[in-house]
Amino acid sequence: MIDALFADIVSRAQSLGLGFAFLTSAYERTIWLDGIRMTLILIAVTIPVSLVAGAAMAVALTSRRPFLAGPVRCFVEVTRNTPTLVQLMFGFLVVNMLIGKALGGAENNPLTPFFWVVAVVGLHIAALHAEALRAGIESVPEAMLEAARAVGFSRLESLRFIEFPLALRTALPALINNLVALAKLTTIGSAIAVGEVTYASIMIWSQRDNVVELMIVILLLFSLINLAIGWAGRWLEMRLKIPGLGV
Amino acid sequence: MLDRLALPRPLSLPAPTILPVMAGIAAAGLIWGAFQPTSMAMLVTWMPYLAKGFGMNIVISLCAVAIGTLLGLVLGALELSRHRLVRLPAVVYVQLFRNAPHLVLIFATTYIFPFEIMVGSLRIPFPDWMKATIGLAIPASAYVAEIVRGAMQSIPTAQWEAATGLGFSRSQTLRWIILPQCVKRALPPWMNLYASITMGTALASLVGVNELLHAATDASTAVQKTDFTVAIYLTVLICFFAYCYPVARFTQSLERRFAAR
């Protein structure tokens, strides 16, 4: 049944001059579909990591405590101004090796390439989230904070119930942009053999020489993912909209 | 108490300025060198090789942004066309390639383009670094098109009418009134794009272009020493940081200056 379906797709593509013959081979098809699944899993896992870390960094950045804000500020600047691939290599080749040594042998190291992709991409995007949220927190009108203090909100309560919800709404478009960048960045996982869609495609096209066909699918896949993220962002924007606030 | 409440909120810690940061990095490097003289000496001998690699990064980034900017200006103009048939292909191109991962585009250009081009009987080699350049120029052009479109659309159309009223021709209006404002609005995002493309050049190492990250991997495989490996990858990070951080700072200062007016 499924084989017949794939055979049908392959013959239709063939008539358009596109070589999707690999879909008839169960082995290659599995690699490829697993690649697509892995890309979706990577994105789904990394998004919450980036959001939580970004929110934490934004709180640290606006905390007015130098011992909190200083290191986070350094981290944000380094992350924003160095290539993510270099960070990934630094994490996977250098930090991972040091952890392995400290644990007495690489075989004791529980950290997988998957972990490093999620950690590096998640923290990279978190730094961008943090900047957007910081700008949002700083744009909360002074009068609102005074009002909060006047009714007895502590600094933390004011942050939790007043500044952060407002900052989230101001920063939402920027956050969505960052999430689109996040989805695209997960492809660097192929550099350290995480079997996401790029990696799977390379394995297939190096056997069958059908780069153009697989590339079309990858481009469409990422267009779809990013459309979905953008759509979810706009929906959230509508949901969170406060009448009378801002523009 | 009232005074304290009326005080403006202190801003959070600003981004550190360039010179102290660079001085700090240099000092840290020297201290490390004093404790690890053998690794430091090895790092120094590998330096010319790394510098050549980083030169490649800079060449790729400059070429990619130059091509991307030229192409993007055309695409941006097409996107603003009144005719749907002209607009549509440009909009589709921009949407497709803005959403495409840079790495995927670099792989695409590397595998799809031939390794040499025949012009008549002349064989022109088409090296991998040029293919990677094109792979980065494609998304760059899509971003530039969006920057151009945004900048043009941010100018109120009433200015065109006002200029006509003052006796400016259409091309004069564009040259003396619209474009100067556009440049001001487009420059900061364009510089951000340059920094982002520069960082994207590291991806070229994955298709075998001998740039900085590739050179560092070569060096660490050749030497096979833990502290040397740590040092060389740190050097790569520092090189990119030292190149991109000033660009980012300059962009921020431009943004502030333009916003103030």
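J.: When you look at the overall build of chain A in this model, what are you seeing that I'm missing?
T.: The secondary structure content of chain A amounts to 9 helices and 0 strands. Of the regular secondary structure in chain A, the N- to C-terminal order runs α-α-α-α-α-α-α-α-α. Whereas a compact globule of 247 residues would reach a radius of gyration of roughly 18 Å, chain A reaches 22 Å, over 25% beyond that. Taken over the C-alpha atoms alone, chain A extends approximately 70 × 55 × 30 Å along its principal axes. Put simply, chain A has 247 residues, and 37% of those count as buried. For chain A, long-range pairs separated by at least 24 residues make up 74% of all intrachain contacts whose partners lie at least 6 apart in sequence.

J.: I'm lost on the packing of helix H2 (residues 26–61) of chain A against helix H3 (residues 66–80) of chain A in this one. Help?
T.: All names here are of chain A. Closest axis-to-axis distance for the H2/H3 pair is 8 Å, and the angle between their directions is 130 degrees. Accordingly, the angle class assigned to the pair H2 and H3 is oblique. Taken as a pair, H2 and H3 cross one another with a handedness that is left-handed. Within the contact between the two elements, H2 uses Met57, Ala60 and Leu61 and H3 uses Leu68, Ala69, Val72, Arg73 and Val76. Split by residue class, the contact of H2 with H3 holds 7 nonpolar, no polar and 1 charged.

J.: How do you make sense of the interface of chain B and chain A when you look at a structure like this?
T.: A common measure of how large an interface is: the accessible area buried when the components associate. Counting residues at the interface gives 33 residues for chain B and 38 residues for chain A. Of all elements in the fold, only helix H5 (102–112) and helix H10 (226–260) of chain B reach the threshold of two or more residues within the side of chain B that touches chain A. With 10 residues, H10 of chain B is the largest single contributor of residues to the side of chain B that touches chain A. The residue makeup of the side of chain B that touches chain A, split by class, is 29 nonpolar, 3 polar and 1 charged.

J.: Is there a simple way to explain the nonpolar core in this structure?
T.: Side chains that are nonpolar tend, in soluble globular proteins, to be buried together. Within the largest apolar cluster, 119 residues are counted, with the highest numbers of intra-cluster contacts made by Met57, Leu85, Val86 and Leu88 of chain A together with Ala140, Ala216 and Val236 of chain B. Broken down by element, the residue count for this core peaks at 14 residues, all from helix H5 (residues 113–138) of chain A. In this structure leucine 85 of chain A touches Ile188 and Ala191 of chain A together with Ala202, Leu203 and Leu213 of chain B, once residues within four positions along its chain are discounted.

J.: Before we go on, may I ask you to explain helix H7 (residues 155–185) of chain A in this structure?
T.: Along an α-helix, residues three or four apart share an orientation, since each turn contains 3.6 residues. With 31 residues, H7 of chain A extends only 36 Å from end C-alpha to end C-alpha; this falls clearly short of the ideal 45 Å at 1.5 Å per step. The sharpest bend along H7 of chain A comes to roughly 55 degrees, located at alanine 171 of chain A, with the proline proline 173 of chain A sitting one to four residues further on.

Here is what the cut-offs are and how they apply
Residues numbered from 1 in each chain as written. Chains lettered and ligands numbered in written order. Predicted model: local features only at pLDDT ≥ 70, side-chain atom pairs only at ≥ 80, totals over all residues. Helix = DSSP H or I, 4+ residues; strand = E, 2+ residues; numbered from the N terminus. Rg over C-alpha atoms; globule rule 2.2 N^0.38 Å. Buried ≥ 20, exposed ≤ 12 C-beta atoms within 10 Å, placed from the backbone. Contact = placed C-beta atoms within 7 Å. Axes fitted to C-alpha atoms, helices over the stretch in contact; angles between N-to-C directions. Parallel < 35°, antiparallel > 145°, perpendicular 65-115°, else oblique. Left-handed = near helix turned anticlockwise from the far one by under 90°. Nonpolar A, V, L, I, M, F, W, Y, C, P; charged D, E, K, R; others polar. Core = buried A, V, L, I, M, F, W, Y, C linked by C-beta atoms within 7 Å. Expected span 1.5 Å × (residues − 1). Bend = angle between axes of the 7 residues up to and from the residue.

The values are spatial; any link to function lies outside them.
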